[in-house]
Amino acid sequence: RDHISVVDMGSGKGYLTFALYDFLNNLLGKKTSIVGIESRLDLVNFCNSLSRLVNFGSLHFKHEDIKNYMLREVDITIALHACDTATDDAIYKGIMAQSSLIVLAPCCHKQIRKQIHPTMALKDLLKFGILMERQSEIVTDGIRALLLEVSGYDTNVFEFISPDHTSKNAMIVGIKNDKYIDKKYLLDQIKDIKKLYGIRTHYLEALLFPQSSLSSDMTDIAQV
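This report concerns the structure included in the present document.

Reading the values: the criteria
Residues numbered from 1 in each chain as written. Predicted model: local features only at pLDDT ≥ 70, side-chain atom pairs only at ≥ 80, totals over all residues. Heavy atoms only, no water. Helix = DSSP H or I, 4+ residues; strand = E, 2+ residues; numbered from the N terminus. Phe/Tyr/Trp six-rings, centres within 6.5 Å; stacked < 30°, edge-to-face > 60°. Buried < 20%, exposed > 50% of the residue type's maximum accessible area, 1.4 Å probe, protein only. Pairing = 2+ DSSP bridges. Axes fitted to C-alpha atoms, helices over the stretch in contact; angles between N-to-C directions. Contact = heavy atoms within 4.5 Å. Parallel < 35°, antiparallel > 145°, perpendicular 65-115°, else oblique. Left-handed = near helix turned anticlockwise from the far one by under 90°. Nonpolar A, V, L, I, M, F, W, Y, C, P; charged D, E, K, R; others polar. Salt bridge = Lys/Arg side-chain N within 4 Å of Asp/Glu carboxyl O. Expected span 1.5 Å × (residues − 1). Polar contact = N/O pair within 3.5 Å; in protein donor to acceptor, adjacent residues only side chain to side chain.

1. Topic: unusual backbone geometry
Within the chain, His-81 stands out as a residue other than glycine whose phi angle is a positive 55°. Note that His-81 resides in strand β4 (residues 76-83). Its identity is not glycine, yet Cys-108 carries a phi of approximately 65°, on the positive side. Checked against the element boundaries, Cys-108 lands in the loop between β5 (101-107) and α4 (110-113).

Following this line, the structure appears as structure tokens:
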């Protein structure tokens, strides 16, 4: 492509944002524009000032919450450690903006952790706090990956850095495709996973399917 557009959801101090801009524009020679979305005004002002100082003319930062940001079409959506449901907001915005590539490193999994009431088959297994915590991460990110597939993305989840550097080292990648999707099968899987762990709803699920109630059968949506 002649031009690549990128949005960084929850850009913080801009470490990833500046590095990606430099990599794409100056190392790969791709004409790229990047917007960083950040809720802390002091960081937005700092990053915009630094962008001007180093003459990164197509790198800008905006003071906005991820969930309120009106994102139109964009080629790539990224998010590094957007906390808890902010990761879901970033995924949702990327899907709605028809991003060809969505890359996220999730952080915190409180929304699902609070809901988990496992069936008897899992109750004793998850009575240990550390195992419950890890299982919450697996379930949260696993459902995120399945919902990306429902939305038309080839999806993968993997470690992107050594746990010696950070324990928050899972990466979710979605690549847009035009393949046939068996939505009913995927939504049935999500329904069964939720039932197994006693989960009412996943935040990203609620964003993608706002008309469904917490107790509704999600497979009905696949027929629409």
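2. Examining the packing of aromatic side chains
This model, assessed by the stated rule, comprises 3 aromatic pairs. Considering the side-chain rings of Phe-18 and Phe-61, the 5.6 Å spacing of their centres and the 25° angle between planes classify their relative orientation as stacked. With a gap of 43 residues between them, Phe-18 in helix α1 (residues 15-27) and Phe-61 in strand β3 (residues 59-63) connect regions that are remote in the sequence. Neither residue differs from the other here; Phe-18 and Phe-61 are each classed as buried. Through a chain of ring-to-ring contacts, three or more aromatic side chains come together here, namely Phe-18, Tyr-21, Phe-56 and Phe-61.

3. As for the sheet that holds β4
The strand order across the open sheet built from 7 strands is β3-β2-β1-β4-β5-β7-β6, with neighbouring strands paired in mixed fashion. Because the sheet does not close on itself, it has two edges, and the strands there are β3 and β6 (153-159). Across this sheet, the average inter-strand angle for adjacent strands is 15°, counted without regard to direction. In this structure, strand β2 (residues 32-38) lies alongside β3, joined through 5 bridges in parallel fashion. The partner of Ile-34 across the bridge, within β3, is Leu-59. Across the face of the sheet, helix α2 (residues 41-53) comes into contact with β2 and β3 while running at roughly 165° to β3.

4. Here we look at the packing of helix α6 (residues 129-150) against helix α7 (residues 183-197)
Two elements in contact, α6 and α7, have axes whose closest approach is 9 Å; the angle formed by their N-to-C orientations is 165°. Looking at the two axes, α6 sits roughly antiparallel to α7. Every pair of crossing elements has a handedness; the one defined by α6 and α7 is left-handed. For the pair formed by α6 and α7, the contact residues are Gln-135, Val-139, Ile-143, Leu-146, Leu-147, Glu-149 and Val-150 on the first element and Lys-183, Leu-186, Leu-187, Gln-189, Ile-190, Ile-193, Lys-194 and Tyr-197 on the second. A class-by-class count of the residues in the contact of α6 with α7 yields 10 nonpolar, 2 polar and 3 charged.

5. Points about the pattern of salt bridges
In the structure shown here, the tally under the stated rule is 7 salt bridges. Across the salt bridge formed by Lys-184 and Asp-188, the nearest N and O atoms sit 3.0 Å from each other. With Lys-184 and Asp-188 both in helix α7 and 4 residues apart, this pair spans about one turn of that helix. According to the relative accessible area criterion, Lys-184 is partly exposed, its value standing at 40%. Judged by its relative accessible area of 23%, Asp-188 is partly exposed. Overlapping salt bridges bring together Asp-88, Asp-141 and Arg-144 as one network.

6. Looking at α6
The first and last C-alpha atoms of α6 sit 31 Å apart over 22 residues, in line with the 32 Å expected at 1.5 Å per residue. One or two positions beyond α6, positive phi appears at Gly-152, with a value near 95°.

7. Brief notes about the environment of Asp-141
Its place among the elements puts Asp-141 in helix α6. Those residues within four positions of Asp-141 in sequence are excluded, and the remaining contacts are Pro-106, His-109 and Ile-172. Among the polar contacts listed, one links the side chain of Asp-141 to the side chain of His-109, at a separation of 3.1 Å.

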